Amino acid sequence: MSRISAISLLVRDYDEAIAFYVGKLGFELSENTDMGGGKRWVRATPKGGQTSLLLAKATSEAQLSQVGDQAGGRVWLFLETDDFARDHAAWTAAGVTFRESPRYEPYGTVAVFEDLYGNAWDLIEPTRNGD
């Protein structure tokens, strides 16, 4: 069996990224280990999820230039929810930027939102069988 356990996400600062992903989106702080020399191993995981974001602090000019643009402006990450209306309302109240109003597609309810750096994400509540 194989699975993706983490996806590396370039960030400017560990603590501001934790504040967004844990504080605003409600992810769990799965790990926050000091590796020495200013480096930390920080993982934030959606509640009930198996794949974490590895919050990787950019340390070079090349890495810093990619913070917020890891997918060249395209939607890059897809976050599935069991209650779109709940999460959309909570995140809107928390100041999360949505690029569009919720829309209904054959695969479910979806809206594009931005993380604190401008990376585009889809928030999706999939259509359940029989819906």
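The structure we're discussing is the one just above.
Described in the following lines is the structure provided in the data block.

Conventions adopted
Counting restarts for each chain: residues are numbered from 1 in the order of the written sequence. The predicted nature of this model means local features are confined to residues of pLDDT at least 70 and side-chain atom pairs, given and counted, to a pLDDT of 80 or more, with totals for whole chains, interfaces and linings taken over all residues. Calculation of side-chain values draws on the structure's entire complement of heavy atoms; hydrogens and water are dropped beforehand. Secondary structure follows DSSP: runs of H or I at least 4 residues long count as helices, runs of E at least 2 residues long count as strands, and numbering of each begins at the N terminus. Burial classification: accessible surface area is computed with a 1.4 Å probe over protein chains only, and a residue below 20% of its type maximum counts as buried, one above 50% as exposed, and the rest as partly exposed. For the purpose of counting charges, residues Lys and Arg are taken to be positive, whereas Asp and Glu are taken to be negative. His and the chain ends are not included. Each salt bridge in this description consists of a side-chain nitrogen of Lys or Arg and a carboxyl oxygen of Asp or Glu lying within 4 Å of one another. Pairs of residues are marked as contacts when any of their non-hydrogen atoms sit within 4.5 Å. When two rings of Phe, Tyr or Trp (its six-membered ring) have centres within 6.5 Å they constitute a pair, described as stacked for plane angles under 30 degrees, edge-to-face for angles over 60, and tilted for the intermediate range. Strands are labelled as partners when DSSP assigns at least two bridges between them. Fitted lines through C-alpha atoms serve as axes, helices being fitted only where they are in contact, and the angles separating the N-to-C directions of these axes extend from 0 to 180 degrees.

1. A closer look at the side chain of D122
Looking at where D122 falls in the secondary structure, it is placed in strand β8 (residues 120-126). One buried charged residue, D122, remains without a salt bridge, the closest side chain of opposite sign being R103 at 5.0 Å. Beyond its immediate chain neighbours, meaning those up to four positions away, D122 contacts V75, L77, F78, L79, V110, A111, V112 and F113.

2. A few points about the packing of aromatic side chains
In the structure shown here, the tally under the stated rule is seven aromatic pairs. Geometrically, the ring pair formed by Y21 and F27 is tilted, given 5.7 Å between the ring centres and 40° between the ring planes. Accessibility classification places Y21 together with F27 in one group, the buried group. Judged by centre distance (5.6 Å) and plane angle (25°), the rings of F113 and W121 are stacked. With respect to burial, F113 and W121 carry one shared label: buried. Counting every residue linked through ring pairs, the aromatic cluster contains F20, Y21, F27, W91, F98, F113 and W121.

3. Notes on the side chain of D87
With respect to the element layout, D87 can be found in helix α3 (residues 84-93). A residue is classified by how much of its surface remains accessible, and D87, at 13% relative accessible area, is buried. In this structure, D87 is in contact with T81 and L123, ignoring residues within four places of it in sequence.

4. Observations concerning the sheet that holds strand β7 (residues 108-114)
The sheet built from four strands is open, its strands ordered β5-β8-β7-β6 with mixed pairing. Each edge of the open sheet carries a strand with a single partner, namely β5 (75-80) and β6 (103-105). Neighbour-to-neighbour, the strand axes of this sheet turn through a mean angle of 35°, independent of strand direction. Most of the contacts of α3 go to β8, to which it runs at about 145°, and overall it touches β5, β7 and β8.

5. Things to note about the sheet that holds strand β1 (residues 6-11)
Spatial ordering of the open sheet is given by β1-β4-β3-β2, a layout of four strands whose pairing is mixed. The sheet is open, and its two borders are formed by β1 and β2 (28-36), each paired with just one other strand. The sheet shows a mean angle of 25° between the axes of neighbouring strands, direction not considered. Of the strand pairs in this sheet, β1 and strand β4 (residues 52-57) are connected by six bridges, and their pairing is parallel. Within the sheet, the bridge partner assigned to A6 lies in β4 and is S52. The sheet contacts of helix α1 (residues 14-24) involve β1, β2, β3 (39-45) and β4, and relative to β3 the element is tilted by about 10°.

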